Amino acid sequence: VNDPTLTAAPAPPPAVLPPLPHLLGLALLGLVGCILTSGFAFRYFVIWERDRKGETIEVQRVTIEEAPWFKKDFTLVVDRIREVLPPGTRVFLEPTEFGKEDNQKARWMLYLTYYCHPVQIYVKKPVWAAGTIVDYPQWNNYHRQNPTVNMQEALALEELKIEWKLRMPFTWEFLAGEVYLERLVDGDWVAYDLWPFEPKQR
Amino acid sequence: MITFAGIVVALCVWFSGLGLLEAFERIAGRTQRTRSIAERHGIGLLLGLALLPTIYAIVGIAKGNSPIAHGTGRWLALGPAIVGAALYAFGAWQRFKAGAWRVEIEHARGALQAASRLPLGVPLLASGLAAIVFFALFALFYASSLPVHLFDSLFHFAYKGKVMFWEGFGGSGWMVRSPELVDGSGVGRLMTHPNYPPGVGALHCLVGSWLGRFSEDATRPLMALYPVACALVIFAWMVRRSIWAAIVATLTWISLPFLYYSTVWARFVTWSITGGEENYISNLKLDPSALWTSFLASWIGQRSKVTRQANMPDGWMLDGAADLQQGVLFCLGVLLVWRCLARARESFDRADILAGGVLLAGACYVKNEGLALCAVAVVGFGLTWIFDVLRARRSNTAFQERWREFAGIATAFAIAGLLHAPWLAIRGDIPSVDEDYPQAIRIVFGLEAPPGNISEDQPQNVAEALARVPIVATGFAVAFVNVLRWNLVWVTFFAALATWLVARPKQLFLHTLTPIALMAIGTLTAYGIILIVTPWDLAILFDTAIPDRLLLHVIPIVIVVTTALVWRFPHEWFGDGEGTRAGAEEPRSDASA
């Protein structure tokens, strides 16, 4: 078979060997990367073996300290909300309190939106909430200045047929004990006990 | 987290890509070129990683407001994989029968002989190959053994997958105003960067379809396929220059610190993020001892007095943020298309052009910057093509060849545009939050009035924009010298370019890889402009690994260009008078067809 795919390309002429300074530079290039990355690989493996090896994904998540969305209090609330509310339920998220200073780790509206999904989280001024670290202080300030819903927002809640409300503080630390779920019954927001079988002091 | 679903999707990606490459080679017919095993599997993997999420996204867009059923999702992966496996098996059998493996063995033997000519050559070669394999395995282990945990990976990218998986496109999840909202637009759902394309999310959905539920952690191992596939292709292409060039380039890529972390052990350049961007330069502090701390901490952790304050590095790239995917797909896409240029002096076939188009489409589906990168690539190809046409005219080189080049480039970008069109068709309905850069540029030039809620950091005229130039330039310079993230890649790149500019300026412009180098420089310029008009405070932005994350978009081509500039062919350095196909050392099979 005269198959052109199998015609070996003639060997190219040898590339000019780099002069000594280049070679030294390239040796350094390889060395720096290899030392750093293999060091990282070594340390990563040590930490993995110590903290995560053989653990469930939930336990592994808790080992990642920098992520506020993996803190136990937050995941407990999220799991409970997903237990209580069927997929597709629309929930209005209302902050009750903010820290003195804005902290980007306290963007609970984003974390709840992700982890409660397919339960749908609605907020006031969603564009400011969706902006990353540029806009969220505006969102916080708006809520500080307008803690209740105005007429237009109330109309929107009505039009969207939102019957659930989640009230919680937007402090740096997630305060699970101060998260309140409420349901619209006959035009009034009525508290819904998120933890019916748990001691009330949680 | 390794799951059965993840393994199935990885295999589907691999075989569908291999099959697509075989199909493209059938289209190439008699002009088909030889591909090594490493190149075939590297390109195959990347084609699959570009193709399957693109198919899923297009089907999702076609379905609109309703999600794709899990069964359909499974077949969207399995169907192309079955066809692909059959095509690949047929092609592999043909190659085996014709003895292609002998050619591979000959090449390996040749490389070994070349290595043995140097003192300690064989042990060095073995060590280099072992290091490459080690880092490739580490990439797979690192991606598989950690939950998706970083902000961008979760909230920018995986969330789009979640919404696609449960709700489809275009609904309130994408911040498209709900039809039931007559007046009250002040309440809605949120999504960070809602108009980012859904490529990474679609990959999550493919895995989720097999799992029966959405799990970003099950997709994470697949993120390692991008750097591994890229390593295979870099090795296959660079080995033509020298086995040492191949090892240095591949090892530099696969051991690149920034692939694995962006937070470093200890920062040797620091600044205050509360001081604002106007004080960024004056607040810069250099602490060279942090380099030593980092080296030490990388091995002993926080056990010594020196390393006690060191951070544990962490980063986006294998966590599922889209920068790595975009960089790999874009760079290999343009390198495949580049092969069709006569000045490339590479054998090429139509499969390169078609595969290049699919990879570029894949790049556009993972981040909005994909479109900007494609525009830069068009300019890079266009400028060198015009330059070569003018030179060809002077030296009477056939215009037919230039036309073939033009057709090749146009075909690749047309494929990319065609595959990306469904997303562009619906993207306009999705709001852009914070990042409307064309509008920001219009505001700077006074072509559009600034909106009422414009960020105070965003420049509103040319003078304000120019005032930001030194800040952005310093930000880039700090990134280039950050060896803790980039090794010496950028330093070597600029040193190699400077060497050629001083010693061989004319040959640099005639170099085979000049269009690719132009794209790298053009991309840096484009990103520089974007940072100048960004609404963000630059001091804060630089603290979030910008511009490093943007630099990753071109790093594979920077490594390829640097290696080619260092391991130069004689004709590249000394010139052969033409710089056209006439002097090519490797016959282009299409030319003889």
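The shown structure was predicted, so the numbers you read here are calculated from the model rather than taken from an experiment. (Residues numbered from 1 in each chain as written. Chains lettered and ligands numbered in written order. Predicted model: local features only at pLDDT ≥ 70, side-chain atom pairs only at ≥ 80, totals over all residues. Heavy atoms only, no water.)

Asker: Explanation requested: the overall build of chain B in the structure shown.
Answerer: Helix and strand counts for chain B come out as 28 helices and 3 strands. Relative to a compact globule of 593 residues, whose C-alpha radius of gyration would be 25 Å, chain B shows 24 Å and is just as compact. For chain B, with 593 residues in total, the buried portion stands at 62%. Within chain B, residue pairs in contact and separated by at least 24 positions form 80% of the contacts whose partners lie at least 6 positions apart. If you sum the accessible surface of chain B, you get close to 21,500 Å²; carbon and sulfur atoms cover 67% of it. (Helix = DSSP H or I, 4+ residues; strand = E, 2+ residues; numbered from the N terminus. Rg over C-alpha atoms; globule rule 2.2 N^0.38 Å. Buried < 20%, exposed > 50% of the residue type's maximum accessible area, 1.4 Å probe, protein only. Contact = heavy atoms within 4.5 Å. Areas by Shrake-Rupley, 256 points an atom, 1.4 Å probe, with all protein chains shown as cover.)

Asker: How should the sheet that holds strand β1 (residues 90–98) of chain A be read in this particular structure?
Answerer: Strand order in the open sheet formed by 6 strands is β5(A)-β4(A)-β3(A)-β1(A)-β2(A)-β1(B), with mixed pairing between adjacent strands. Looking at which strands have only one partner, the edges of the open sheet turn out to be β5 (188–192) of chain A together with β1 (187–188) of chain B. Where β1(A) lies against strand β3 (residues 164–170) of chain A, 7 bridges are found, and the strand directions are parallel. Along β3(A), the bridge assignment pairs A:Leu93 with A:Leu166. (Pairing = 2+ DSSP bridges.)

Asker: What am I meant to see in the environment of B:Ile243 here?
Answerer: Here B:Ile243 lies in helix α10 (residues 243–254). Apart from the residues within four sequence positions on either side, B:Ile243 is in contact with B:Ala111, B:Leu125 and B:Phe235.

Asker: It is not clear to me how the confidence of the model for chain A should be interpreted in this structure. Could you clarify?
Answerer: One rule of thumb: low pLDDT means the predicted coordinates there are not for detailed reading. All names here are of chain A. In the predicted model, chain A carries a mean pLDDT of 84, and the fraction of residues at 70 or more is 81%. Mean pLDDT values over the elements of chain A span from 80, in helix α1 (residues 20–52), up to 96, in helix α4 (residues 108–116). In this model, residues 1–11 is a region of pLDDT below 50 whose contacts with residues beyond four sequence positions or in other chains number 14 contacts. (pLDDT = per-residue confidence, 0-100.)

Asker: I tried to follow the interface of chain A and chain B on my own but got confused; where do I start?
Answerer: One widely used convention gives an interface's size as the accessible area the parts lose upon coming together. Taken residue by residue, the interface counts 79 residues in chain A and 90 residues in chain B. Summed over both partners, the interface of chain A with chain B buries about 7,700 Å², with 71% contributed by carbon and sulfur atoms. Inspection of the region where chain A meets chain B yields 2 salt bridges. Run the count over chain A and chain B and you get 14 residue pairs in polar contact (both at pLDDT 80 or more). (Buried area = accessible area lost by both parts, 1.4 Å probe. Salt bridge = Lys/Arg side-chain N within 4 Å of Asp/Glu carboxyl O. Polar contact = N/O pair within 3.5 Å; in protein donor to acceptor, adjacent residues only side chain to side chain.)

Asker: Sorry if this is basic, but what is going on with the pairing of β1(A) here?
Answerer: Residue and element names in this part refer to chain A. When β1 meets strand β2 (residues 120–124), the two strands line up parallel, connected through 3 bridges. Looking across to β2, one finds that phenylalanine 92 is bridged to tyrosine 122. A crossover links β1 with its parallel partner β2, the connecting element being α4, and its sense is right-handed. (Right-handed = clockwise from strand over helix to strand, strands pointing away.)

Asker: Sorry, what's going on with the packing of helix α1 (residues 4–28) of chain B against helix α3 (residues 70–97) of chain B here?
Answerer: Residue and element names in this part refer to chain B. Where α1 contacts α3, the two axes come as close as 6 Å, and the packing angle between them is 55°. Between α1 and α3, the crossing angle belongs to the class labelled oblique. Crossing geometry of α1 relative to α3 is assigned as left-handed. Residues that form the contact of α1 with α3 fall into these classes: 13 nonpolar, 5 polar and 4 charged. (Axes fitted to C-alpha atoms, helices over the stretch in contact; angles between N-to-C directions. Parallel < 35°, antiparallel > 145°, perpendicular 65-115°, else oblique. Left-handed = near helix turned anticlockwise from the far one by under 90°. Nonpolar A, V, L, I, M, F, W, Y, C, P; charged D, E, K, R; others polar.)

Asker: I would appreciate a short explanation of the packing of aromatic side chains in the present structure.
Answerer: What describes a pair of aromatic rings is the distance from one ring centre to the other and the angle between the planes of the rings. Using the criterion set out here, one finds 59 aromatic pairs over all chains in the structure. Between the aromatic rings of A:Phe45 and A:Trp48, the centroid separation amounts to 5.5 Å while the plane-to-plane angle is 40°, which identifies the pairing as tilted. With A:Phe45 and A:Trp48 both in helix α1 and 3 residues apart, this pair spans about one turn of that helix. Taking 5.5 Å as the distance between ring centres and 20° as the angle between the ring planes, the aromatic pair formed by B:Trp403 and B:Phe406 counts as stacked. Of this pair, B:Trp403 and B:Phe406 both sit in helix α17 (residues 399–427), 3 residues apart, roughly one helical turn. (Phe/Tyr/Trp six-rings, centres within 6.5 Å; stacked < 30°, edge-to-face > 60°.)

Asker: Honestly, a nonpolar patch on the surface in this entry has me stumped. Any pointers?
Answerer: All names here are of chain B. A surface patch of nonpolar side chains, amounting to about 650 Å² of accessible area, comprises Ile441, Phe445, Leu447, Val462, Leu466, Val469 and Ile529. Per-element accounting of the nonpolar patch gives the leading share, 3 residues, to helix α19 (residues 462–480). With respect to the helices and strands, isoleucine 441 occurs in helix α18 (residues 437–444). Isoleucine 441 sits in the partly exposed class, given a relative accessible area of 31%. (Patch = residues over 30% accessible without salt bridge, like charges linked within 9 Å, V, L, I, M, F, W, Y side chains within 5 Å.)

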